[in-house]
Amino acid sequence: MTTTSKVKYVSTTALSKELKTNVKETFNIFLANGLINRVDDQWVLTEKGKQLGGTIKRHPKVGEYIAWDEMIKDHSMFKTDRKDELLNITALSKLFEVSKLKMNPILSELGFIQKGLKGWTVTKLGLSLGGKQFEYDKTGVPYVNWPTSILQNKRLVETMKELQGNDTEEVTQAANHNPLEFREKFEAKHRAADGHYVRSRAEMLIDNWLYMSEIVHAYERKLPVEEDVYTDFYLPVGKVYIEYWGMENDPKYAARKQDKLRIYHKYDFNLIELRDTDIQNLDDIFPKKLLMFGIKAY
């Protein structure tokens, strides 16, 4: 006859005592590993948290709280001091030799983090780069720390060089649908009202519309990912990318389009797509598309 041992559940406070860490740090480790989330100032157990032994208990005095299988204390996430492995924003700004006040906005512009009601939260792209979400002990304001590998992130390094006025080498990749082939084939010779030189009349009309609507925009900005991909237009406000698909009947162009869409979807980037039929109706179509991302055109 076999017997099964009964699971012993402990509160996060009790678990912290066993781990000899403070409660806030334990919550931050659970948060960074996706076991819990913060919703309306309350801790919520995630599906991953349930799979690793988390459950909801009720106490007659304090109400509901999250409890954990006592054996979770042996999990690898507690084996090392994770904060020692991560760089905070102060360390990151010193290593890149920029002001601490500029570092978070730079990471936000790249799409690694986003501004919350208070503090900064990591994006899906940021998570893929190893960003970890934490909260300050006293205020509960969220912040993000980074693994040392962020120092070698190609797009971040390129951006820091650009901001400091240094030249960057453009690395090309030999691929069947190299995005640079298109840029080399079609010269940017159409001058828009704001001085941008673009590659087609349609792009000139898009650029002019954005400029006359007083919407700050970049042309042919490189996406903040390892792949060498350029967007047609980028709007810093709203972190919105705009793609004009003008040659969809060309098989090679269509394949390139699908490659780009895959990357946009992979990182959950905000994307507006425009086609030939939209160009002559920008006044009707563009404001509606922009409003979906909180951007008012007029």
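My aim in this report is to walk through the structure given alongside it, one point at a time. (Residues numbered from 1 in each chain as written. Predicted model: local features only at pLDDT ≥ 70, side-chain atom pairs only at ≥ 80, totals over all residues. Heavy atoms only, no water.)

1. Things to note about the overall build of the protein
- A tally of helices and strands in the protein yields 12 helices and 16 strands.
- Looking at the protein as a whole, 43% of its 298 residues are labelled buried.
- If you take every contact in the protein between residues at least 6 apart in sequence, the share linking residues at least 24 apart comes to 47%.
- Taken as a whole, the protein presents about 17400 Å² of accessible surface, with 51% of it coming from carbon and sulfur. (Helix = DSSP H or I, 4+ residues; strand = E, 2+ residues; numbered from the N terminus. Buried < 20%, exposed > 50% of the residue type's maximum accessible area, 1.4 Å probe, protein only. Contact = heavy atoms within 4.5 Å. Areas by Shrake-Rupley, 256 points an atom, 1.4 Å probe, with all protein chains shown as cover.)

2. Description of helix 4 (residues 89-96)
- What helix 4 keeps buried is the set Ile89, Leu92, Ser93 and Phe96. Buried residues of helix 4, viewed axially, fall in a sector of 95°; they line one side.
- Lining the buried residues of helix 4 we find strand 6 (86-87), helix 5 (100-109), strand 10 (142-147) and helix 7 (154-163).
- Of the residues flanking the start of helix 4, the one acting as N-cap is Asn88, its side-chain oxygen 3.2 Å from the backbone nitrogen of Thr90. (Arc of directions from axis to C-beta. Polar contact = N/O pair within 3.5 Å; in protein donor to acceptor, adjacent residues only side chain to side chain.)

3. Some words on the sheet that holds strand 14 (residues 230-235)
- The strand order across the open sheet built from 4 strands is 13-14-15-16, with neighbouring strands paired in mixed fashion. Of all the strands in the sheet, the pair left with one neighbour each is strand 13 (218-222) and strand 16 (270-275). With direction set aside, neighbouring strand axes in the sheet form an average angle of 40°.
- The pairing of strand 14 with strand 15 (residues 240-245) spans 3 bridges and is antiparallel. Bridged to Leu235 within strand 15 is Val240. (Pairing = 2+ DSSP bridges. Axes fitted to C-alpha atoms, helices over the stretch in contact; angles between N-to-C directions.)

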